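Residues per chain are reported as follows:
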Amino acid sequence: MIIVLSSGATKENLEHVTRMLEERGYGVHLSEGVERTIVGAVGVPNDPGQKGPIMEQFEALSYVEKVIAITKPYKLVNKPFHPEPTVIDVRGVRIGDPTFLVMMAGPCTVETQEQLMQSARAVKAAGAHILRGGAFKPSTSPYSFHGHGEPALKMLAEAREELDMPIITEVLDVRDVEMVCGYADILQIGTRNATNFPLLTEVGKTQTPVMLKRGMSATIEEWLQAAEYILAQGNKNVMLCERGIRTFETYTRNTFDINAIPAVKELSHLPIIADPSHATGKASLVNAVSRAAVAAGADGLIIEVHPNPEKALKDGAQSLLPEAFDILMHDIKPIADAVGRTM
Ligand code: PEP
Ligand code: MN
């Protein structure tokens, strides 16, 4: 349930409500907006979330404006909990700010320092804000390349140093969370780990921003519940990423669910990033799907770029050449302008 305090509520009023909730076994989550303080109460098992005696006890308080039952299985990521959009500041890059479009780009996998730097310099020159690169690669096949691990993180950190760009990289394993946090500005949770609840819990214990990809066959509600795992541990710096879902279609690698972008905006306050590279699996489709995602309201894009896609160790078919990424940046500019976002 959500308790909205009236605009004149005092600090003592808030303390009183907090105490009342704690006495009744609820966890208390505050969202202090410009106009109103919203107190979120979660965590009572089998709380019917319906109008009942407990809600009425809070409604009886003079400084409570209203009490709203939350029947959805996700609470902290639910929009009424936090009506203003969440903005995550990553070294000055404001992800989720409705007036800004964040561009993340780089290779699927860090192969060599030279390959990384070529991609990084190219995407930076084209105007990207954040560098992506995989050090730990999830693979469907146990025989494919799994990434260089920590040495690749060191290469990413060098690229950050040289180009002054924050870095995003995937963490695959609970045992690596602390180590990867030592390098990454944003932790990526990939589609194959999107319901790895111990991993979600572990990244939730950090304060490092997390980009949670949608499970390849997850409904929007399941995906939001996965995000809830992270927020429930105290890490509110979560953004979502639509990367395509499994359908009967085989021409493309996945099917980009454009619906997910406005749907997430309607249901949640978390930023939503689009990944047209994994959604399409085809470099030739990335530009058009990027434009569609920006038009639909995405807060940013994450795009795979490789200096030599035919030699890429992973995801070459969907990786853009630096020149194509430069064209994409020019092509999305008028769309970003039209929806009121600078980039
Ligand atoms: C990736 O970003 O390279 C990746 C493996 O993505 P996904 O988890 O969406 O397949
Ligand atoms: Mn990839």
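The sections below set out a description of the structure shown in this document. (Residues numbered from 1 in each chain as written. Chains lettered and ligands numbered in written order. Predicted model: local features only at pLDDT ≥ 70, side-chain atom pairs only at ≥ 80, totals over all residues. Heavy atoms only, no water.)

Brief notes about the pairing of strand β1 (residues 2–5)
- In β1, alternate side chains face the same way, and those of Ile 2 and Val 4 on one face and Ile 3 and Leu 5 on the other are all buried.
- Sheet analysis places β1 next to strand β4 (residues 64–68), joined by four bridges and oriented antiparallel. Counterpart to Ile 3 in the pairing with β4 is Val 67. (Buried < 20%, exposed > 50% of the residue type's maximum accessible area, 1.4 Å probe, protein only. Helix = DSSP H or I, 4+ residues; strand = E, 2+ residues; numbered from the N terminus. Pairing = 2+ DSSP bridges.)

Structural notes on the pairing of strand β7 (residues 102–106)
- Across the five residues that make up β7, a large majority, five, are buried.
- Residues Val 102, Met 104 and Gly 106 point to one face of β7 and Met 103 and Ala 105 to the other, with burial holding for every one of them.
- Two strands pair when backbone bridges link them, and β7 and strand β14 (residues 300–304) are joined in this way by five bridges, in the parallel orientation. Residue Gly 106 lies in a different strand from β14, and its bridge partner there is Glu 304.
- Chirality of the crossover, the property in question, places the unit of β7, helix α3 (residues 113–126) and strand β8 (residues 130–132) among those that are right-handed. (Right-handed = clockwise from strand over helix to strand, strands pointing away.)

Concerning the sheet that holds β8
- Strands sit in the order β7-β8-β9-β10-β11-β12-β13-β14 around a closed barrel of eight strands; the barrel is parallel. On average, each strand axis in the sheet is tilted by 25° relative to the strand beside it, whichever way the strands run.
- In this structure, strand β11 (residues 210–213) lies alongside strand β12 (residues 238–242), joined through four bridges in parallel fashion. Of the residues in β12, the one forming a bridge with Lys 213 is Cys 241.
- In the packing of helix α10 (residues 283–296) onto the sheet, contacts are made with β13 (272–274) and β14, and the angle to β14 comes to roughly 165°. (Axes fitted to C-alpha atoms, helices over the stretch in contact; angles between N-to-C directions. Contact = heavy atoms within 4.5 Å.)

Quick look at the site of ligand 1
- Taken together, Cys 108, Arg 132, Lys 137, Pro 138, Gln 188, Gly 190, Thr 191, Arg 192, Lys 213, Arg 243, His 278 and Glu 304 make up the full set of residues adjacent to ligand 1.
- Between ligand 1 and Lys 213 there is a distance of 2.9 Å, counted from an oxygen atom to a side-chain nitrogen or oxygen.
- Protein contact buries 97% of the 290 Å² of open area that ligand 1 shows by itself.
- Taken together, the residues of the shell around ligand 1 sort by class into two nonpolar, four polar and six charged. (Near = heavy atom within 4 Å. Polar contact = N/O pair within 3.5 Å; in protein donor to acceptor, adjacent residues only side chain to side chain. Areas by Shrake-Rupley, 256 points an atom, 1.4 Å probe, with all protein chains shown as cover. Nonpolar A, V, L, I, M, F, W, Y, C, P; charged D, E, K, R; others polar.)

Looking at the pattern of salt bridges
- Taken as a whole and judged by the stated rule, the model has 18 salt bridges.
- Between Arg 91 and Asp 185 there is a salt bridge; the shortest N-O distance is 2.7 Å. Within this pair, whereas Arg 91 is found in the loop between β5 (88–90) and β6 (93–95), its partner Asp 185 is found in the loop between α5 (177–181) and β10 (186–189), the two being separated by 94 residues in sequence.
- Several salt bridges converge on common partners, so that one network encompasses Arg 91, Arg 160 and Asp 185. (Salt bridge = Lys/Arg side-chain N within 4 Å of Asp/Glu carboxyl O.)

Re the nonpolar core
- Membership of the largest hydrophobic core comes to 75 residues, with the highest contact counts inside it found for Met 103, Leu 131, Leu 212, Leu 240, Ile 303 and Phe 325.
- With sequence-adjacent residues up to four places away left out, Leu 131 is seen in contact with Ala 105, Gly 106, Leu 116, Ala 120, Val 123, Leu 156, Ala 159, Met 165, Pro 166, Ile 167 and Ile 168.
- Judged by nonpolar contacts, the second largest core, of 16 residues, contains Ile 3, Leu 21, Ala 41 and Tyr 63. (Core = buried A, V, L, I, M, F, W, Y, C linked by side-chain atoms within 4.5 Å.)

A short note on the packing of α3 against helix α11 (residues 322–338)
- Contact geometry for α3 and α11: axes closest at 9 Å, N-to-C directions at 20°. Our classification of the angle between α3 and α11 gives roughly parallel. Taken as a pair, α3 and α11 cross one another with a handedness that is right-handed. Packed against α3, whose contacting residues are Ala 122, Val 123 and Ala 126, the element α11 presents Pro 322, Phe 325, Asp 326 and Met 329 at the interface.
- Residue composition of the contact of α3 with α11, grouped by class: six nonpolar, no polar and one charged. (Parallel < 35°, antiparallel > 145°, perpendicular 65-115°, else oblique. Left-handed = near helix turned anticlockwise from the far one by under 90°.)

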